[in-house]
Structure formats: C-alpha cells, structure tokens
Amino acid sequence: MKYVLGIDLGTSAVKVLLVNQNGEIHKETSKSYPLIQEKTGYSEQDPEQWVIQTIAAISELVDHFDGDINDIEGLSFSGQMHGLVLLDDEHQVLRNAILWNDTRTTDQCRHIYDAIGEKKLLEITKNPALEGFTLPKILWVKENEPHKYEQAATFLLPKDYVRYRFTGRLHMECSDAAGTLLLDVASQSWSEELCDIMDIDPKICLPLVKSHELVGTITEELAVDTGLTKETRVFAGGADNACGAIGSGILSEGKTLASIGTSGVVLSYEENSDLDFEGKVHYFNHAKENAYYTMGVTLSAGHSLSWFKEVFAEGKDFEELLAEANQVPIGSNGLLFTPYLAGERTPYADAVIRSSFIGMSDSHKLGDFVRAVLEGITFSLNESIHIFRENGKKIDTIFSVGGGAKSELWMQIQADIFDADIIKLETEQGPGMGAAMLAGVGCGWYESLEACADRFLEKNQVFKPNKESVKKYRRLYEIYRKVYGSTAALNQELKEFRK
Ligand SMILES: Nc1ncnc2c1ncn2[C@@H]1O[C@H](COP(=O)(O)OP(=O)(O)O)[C@@H](O)[C@H]1O
Ligand SMILES: O=C(CO)[C@@H](O)[C@H](O)COP(=O)(O)O
C-alpha cells in the first residue's frame, strides 16, 4: 500500500494526515504553536515554529509507522491564508509573520483605495481592501519598519514558506496568491499594474505554481529530521479554505462548505471568474485548476470558543464545555454573543468592532455562556449564507469541517440556524485531506481530483434541521443582527482605552 501526507498548517496547530491509496487515514498527528498578540488587533507567529512543529509532527508519525518508509510517496500542504512572511536576499526571515487575523492595517487599506479606487481594485483582484489581506501588511511594514522593508527581497505565505524549507525552492501558489490582493484573479498572474500603482517592486513576487504541481523532493536535511526518504515528492498545495473545499468534495457548482477552525468560513464553488458580488464576499482561485470560490469569513469562530475556554474555564476540555452547553435550551436563556473579538470581515468589514454578551443575568451559568458563544459564532456564519441566498444561491446541503465539526451539538446548531442538511464526513480535517488528495493526484494515483474524491470521501452522518428549532433561531437571528449596529459606535469610543 502507498501513502501520502496531507499537512495542514492551521492557525492553532499543524495537523498531519497519513493517508493511503483508498483515502483511509492511517495515522494523524498535531502540534500547536502560539499566537503572538502584542496589542489589540495584532496577531503574529514565528515562522520557525511552523517549521519546527511540522517536522516534529511528521517525525512522530514516521516513528509510529509500521510500514516501509519508501511507500510514503509524496506530500502536500494546506495553509492559513494571507500571512506575510518577509525574506531577505539570503532567504532569512526578517520579522514575525503578520497573520490573516491581524487588523492593524486600516490606514493602509484606505491608502490602497485612494491610490487605485475601489472599482479598479475589484476589477483586478475581485476583492476589496481588507485588513487581513497581504498587500496592506506589506505597505504597513514599508511605512512602519522601513529598515526591514529595504532588506526584503521577497515575500511568502505561511505554507509556501514551510514548503520552501522542505525543498529549498521558492514559489508562491495561485489559490493562496489570490488572497494577497496583488493577483489578477481571472488571469492567475501577478498584477504589474497594481504593483506599479502601489510602488511595490514586482520582483518581490515569486514565480507562481499550480496547487497540484510537483515542486521538488525534500532536502537531505529535512529527510534526516523527519525520517522520510529524500525521494519524497512535494506538491505545491493550496490555501486552507481551497484545500478544505477539495477535502469535502466541493468540486462543482452548487456545493457549499462551512468550516469552523480558528476562523469560520462559508464557501461556495464557482465555475467562472466573472460574477459580481460587489466585494461583499471574497472571490478567490480554487486549488482545482481553473475554478474559483466565493466565501464569507468570520474572523474569530473557533477562536471565540478557545478564548472563552482559556479565560473562563481553564482546566476544562472542549468536550466538558460542550456537554454543559448541551443542557441549555436554544437561545441560551436569553443570552446573545457576537464573535467580534478581533474585529470582523463578513458582512461588516470593521477592524474596530469588538464582542458583546447581551442579556446577561445572575441566573446564567457557564453552560449558558458556552451555548451563547456557539450560537453567536453560527449566527455570524449565517450572515454569509444570507448573502449567498440573497444572490440567488440555493443552499440546502452544507459540508461541515474544522475543529468545530468534532461536536455533534454544534453540527445540530448549524443545521438549525442554517436551515440546511449538515454533512459530516469521515474526518473533520478537510484541509489536510484536501492536501493529501493533491499529493495523491500528483503521484498519479487518480486522474483527477473528482475521481480521487469519489474514492476518498465518505459521508459519516447527516444532521437535519428541526422545524421548531429553525423557527426559534430565525427569531433570535433577527435580534442578533441588531447587535452590530447597536454596538459599533460604542466600540469606536472605547478604542482609545484599548491596549
Ligand atoms: N471537541 C471540540 N468540539 C468543538 N469544537 C472544538 C473541539 N475541539 C476543538 N474545537 C474548536 O476547533 C478550533 C480549532 O479548529 P482547527 O480546524 O484545528 O483550527 P485551525 O485550522 O485554525 O488551527 C478551536 O479553536 C476550537 O474552538
Ligand atoms: O483569512 C482566512 C480566509 O480568508 C482564514 O480562513 C485563514 O485562512 C485561517 O484559517 P483557519 O486557521 O481558521 O483554518
């Protein structure tokens, strides 16, 4: 039996799947790394930690592998999007990576609009200027750390950096490059016009490769560190949401994905690059060739639950917390939560907004708060579904992945709030499975991603919406939607008191 590795470089941890030719997960490992949050709105990670923990996860997996190591034929990557990794001309990292959920770049976004105009930006990149994207981060470094910017020879996205360390080869890959705001999404090439207008040397943009492309084999050093053979083939991989889509079989029109990882995402497959959502949702290249997807993003989805657990329920694990929430009725006994811990993207592109608990009373217990957090995150994702439905998309079935899909309670809450069937696959690790599928197709096991998906992906469970619960949640959702408007101005005033 032959195997591949699917490596998902998430925000909370790197997760590695060892998958065989039938799509069965033979082994999996995970290693976490911290977020560095110097100030409110800042979010960074040390790229060296990604490399160290990826090597540690693979070598642990290899140590426990009882087969022939030569049978692990290839690997590929899925990665958290948008994060800026700057390298000097000797390929040394110049500063911590500035991540997708870092919102320090509001001024730079304004500058982009002033320089290009919203219409032109949408024409080229298909997306608005949002704080999380990479171009505003490059401009922030240029303005605030000019000495670092002057030394920068190139930039990379998180998984492209780890792949570079595995192979010694520098590339960027299209599905991730789409999230930089420097790519002409329709032609899948860097926009020289944008570089020119933003006064960025186009030489810092690396050659682009496709997700399934073979970029090389692992270096001798990495083979020693991981225990893999140096013949192990490395395929480019994709943005985590594009890989999550592949790993859930979102490979044709009409299919929808909900992912609850650190962020939350609702994603819809698009055949064409010429639809117009007026920038209300993100519009990126898929990791399947010549395909696209649209997507709404909740910045702090799983992150809100992890934050709550760390601050208010230290020592409890997720299962215990969710069991308490399961004792609480729909609506959390009148408690509502908005998941704006680090600002928001869809539908409110607002870096200043912060979270609220509305309706707290002295009768509320821990379980009420946990349920309110789960419901608030899911209401936020429902706002993206709302946009898709308003634009004529029929959404009656949704594939759900990410850490949040480990919980049956949360899957049922999704079914009831989204009013759609929620499908759980054999693994909740869609992005890692998508990366493994790119490697499997790259190794020639299957002639297409679709053929691979037919063999690899199996439904495990379907969560159906309950009519009574759907009705209750509709009423609550209307109340939830009023919270943003009622708290936006208050948060502007509170801004000066933040760290
Ligand atoms: N047992 C669980 N039940 C529900 N949610 C969980 C559970 N375990 C983890 N999570 C959620 O999943 C999130 C991590 O999901 P993951 O997909 O691994 O994220 P990332 O890819 O961003 O690192 C955590 O922030 C947490 O909120
Ligand atoms: O910024 C986005 C998408 O635009 C995020 O979805 C990141 O790609 C991080 O993903 P997770 O770590 O939450 O999977």
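Residues numbered from 1 in each chain as written. Chains lettered and ligands numbered in written order. Predicted model: local features only at pLDDT ≥ 70, side-chain atom pairs only at ≥ 80, totals over all residues. Heavy atoms only, no water.

By the naming in an unreviewed UniProt entry, the protein is Xylulose kinase, taken from Halobacillus seohaensis. Recorded under Function (unreviewed entry), the UniProt text for the protein is reproduced unchanged: "Catalyzes the phosphorylation of D-xylulose to D-xylulose 5-phosphate." UniProt's Catalytic activity (unreviewed entry) comment on the protein is quoted here verbatim: "D-xylulose + ATP = D-xylulose 5-phosphate + ADP + H(+)". (UniProt positions renumbered as here; feature names shortened; annotations may be inferred.)

Colleague: For this particular structure, what's the right way to read the sheet that holds strand E17 (residues 282-285)?
Modeller: Backbone hydrogen bonds hold the strands of a sheet together, and the pairing may be parallel or antiparallel. Taken in spatial order, the seven strands make up an open sheet running E17-E18-E16-E15-E21-E22-E23, and their pairing is mixed. Because the sheet does not close on itself, it has two edges, and the strands there are E17 and strand E23 (459-463). Neighbouring strand axes in the sheet, compared pairwise and without regard to direction, differ in orientation by 30 degrees on average. (Pairing = 2+ DSSP bridges. Helix = DSSP H or I, 4+ residues; strand = E, 2+ residues; numbered from the N terminus. Axes fitted to C-alpha atoms, helices over the stretch in contact; angles between N-to-C directions.)

Colleague: Before we go on, may I ask you to explain the sheet that holds strand E1 (residues 3-9) in this structure?
Modeller: The mixed open sheet is built from six strands, whose spatial order is E3-E2-E1-E5-E14-E13. Each edge of the open sheet is held by one strand with a lone partner, namely strand E3 (25-32) and strand E13 (214-217). In this sheet, neighbouring strand axes are inclined to one another by 20 degrees on average, regardless of whether the strands run parallel or antiparallel. Across seven bridges, strand E2 (residues 13-20) lies against E3 in antiparallel orientation. When the sheet's bridge partners are listed, Leu17 is paired in E3 with Glu28.

Colleague: Help me understand the site of ligand 2, please; the structure alone is not making it clear to me.
Modeller: Thr11, His82, Asp240, Ser263 and Arg345 are the nearest of the 15 residues found near ligand 2. Within the side chain of Thr11, one N or O atom sits 2.5 Å away from an oxygen atom of ligand 2. The contact in question runs from an oxygen atom of ligand 2 to an N or O atom on the backbone of Met81, over 3.0 Å. Elements with a minimum of two residues in the shell around ligand 2: helix H10 (240-246) and strand E18 (292-298). (Near = heavy atom within 4 Å. Polar contact = N/O pair within 3.5 Å; in protein donor to acceptor, adjacent residues only side chain to side chain.)

Colleague: How should I be thinking about the packing of helix H1 (residues 47-63) against helix H6 (residues 158-167) in this particular structure?
Modeller: For any two helices packed against each other, the geometry comes down to the angle between their axes and how far apart the axes lie. Where H1 contacts H6, the axes come no closer than 10 Å and their chain directions differ by 60 degrees. Taken together, the axes of H1 and H6 are oblique relative to one another. Crossing handedness for the pair H1 and H6: right-handed. Within the contact between the two elements, H1 uses Pro47, Glu48, Trp50, Val51, Thr54 and Ile58 and H6 uses Pro158, Tyr161, Val162, Arg165 and Phe166. (Parallel < 35°, antiparallel > 145°, perpendicular 65-115°, else oblique. Left-handed = near helix turned anticlockwise from the far one by under 90°. Contact = heavy atoms within 4.5 Å.)

Colleague: Would you explain the environment of Arg104 in this entry?
Modeller: Tracing the chain through its elements places Arg104 in the loop between strand E7 (97-98) and helix H2 (106-116). Residues Arg104 and Pro136, 32 residues apart in the sequence, show an inter-C-alpha distance of 9.2 Å. Apart from residues lying up to four places away in sequence, Arg104 is in contact with Gly41, Tyr42, Ser43, Glu44, Arg95, Ile98 and Trp140. Here the side chain of Arg104 touches Glu44 through a polar contact of 2.7 Å, side chain to side chain. Side chain to side chain, Arg104 and Asp102 meet in a polar contact 2.8 Å long.

Colleague: Help me out: how do you make sense of helix H12 (residues 318-326) in this one?
Modeller: Because each turn of an α-helix spans 3.6 residues, side chains separated by three or four positions end up pointing in the same direction. Among all positions of H12, only Leu321, Leu322 and Ala325 are buried. Projection of H12 onto a plane perpendicular to its axis shows the buried side chains occupying an angular sector of 95 degrees, all on one side. (Buried < 20%, exposed > 50% of the residue type's maximum accessible area, 1.4 Å probe, protein only. Arc of directions from axis to C-beta.)

Colleague: I tried to follow the state of the cysteines on my own but got confused; where do I start?
Modeller: A disulfide bridge is the covalent bond that connects two cysteines by way of their sulfur atoms. According to the stated counting rule, one finds zero disulfides in the structure shown. Lacking any disulfide linkage, Cys109 is separated from the closest cysteine sulfur, that of Cys195, by 17 Å. Cys109 gets classed as buried once you look at its relative accessible area, which sits at 5%. (Disulfide = S-S within 2.5 Å.)

Colleague: Would you explain the pattern of salt bridges in this entry?
Modeller: Pairing between side chains of opposite charge can happen when the charged atoms of each approach one another. The tally for this structure, following the rule as stated, stands at 28 salt bridges. A salt bridge links Lys159 to Asp176; the nearest nitrogen and oxygen atoms lie 3.0 Å apart. Taken as a pair, Lys159 in helix H6 and Asp176 in helix H7 (residues 174-177) lie far apart in primary sequence, 17 residues in all. Owing to a relative accessible area of 0%, Asp176 belongs among the buried residues under this scheme. Where salt bridges share partners, they join Glu44, Arg95, Asp102, Arg104 and Glu145 into one cluster. (Salt bridge = Lys/Arg side-chain N within 4 Å of Asp/Glu carboxyl O.)

Colleague: Teacher, can you tell me more about the site of ligand 1 here?
Modeller: The immediate surroundings of ligand 1 are formed by 20 residues, with Ser12, Lys15, Thr262, Gly302 and Ser306 found nearest. Within the side chain of Thr262, one N or O atom sits 2.6 Å away from an oxygen atom of ligand 1. A distance of 3.0 Å separates an oxygen atom of ligand 1 from a polar backbone atom of Gly403. Ranked by residue count, the leading element in the shell around ligand 1 is helix H11 (residues 302-312), at four residues.

Colleague: What exactly am I supposed to notice about the UniProt feature "binding site: substrate" (unreviewed entry) in the protein here?
Modeller: UniProt marks Met81 and His82 with the feature "binding site: substrate" (unreviewed entry), using the numbering shown here. Inspection of the secondary structure puts Met81 in the loop between strand E5 (72-79) and strand E6 (85-87). For Met81, a relative accessible area of 3% puts it in the buried group. By relative accessible area, which is 2% here, His82 ends up buried. Setting aside its immediate chain neighbours within four residues, His82 contacts Ile98, Trp100, Gly132, Phe133, Thr134, Lys137, Leu157, Gly179, Phe284 and Arg345.

Colleague: What's the story with H6 in this structure? I'm lost.
Modeller: Burial within H6 is extensive, with nine of its 10 residues counted as buried. Following H6 by one or two positions, Gly168 adopts a phi angle in the positive range, close to 75 degrees.

Colleague: It is not clear to me how the nonpolar core should be interpreted in this structure. Could you clarify?
Modeller: Across soluble globular proteins, nonpolar side chains show a tendency to be buried alongside one another. If you look at the biggest cluster of nonpolar residues, it comprises 118 residues, and the most contacted ones within it are Leu5 and Phe155. In terms of residues, this core owes the most to one element, H1, which gives seven residues. Not counting the four nearest positions on each side in its chain, Phe155 is found in contact with Leu84, Val85, Leu86, Thr134, Ile138, Met172, Thr180, Leu182, Trp190, Ile204, Cys205 and Leu206. Judged by nonpolar contacts, the second largest core, of 50 residues, contains Leu322, Ala325, Phe337 and Tyr480. (Core = buried A, V, L, I, M, F, W, Y, C linked by side-chain atoms within 4.5 Å.)

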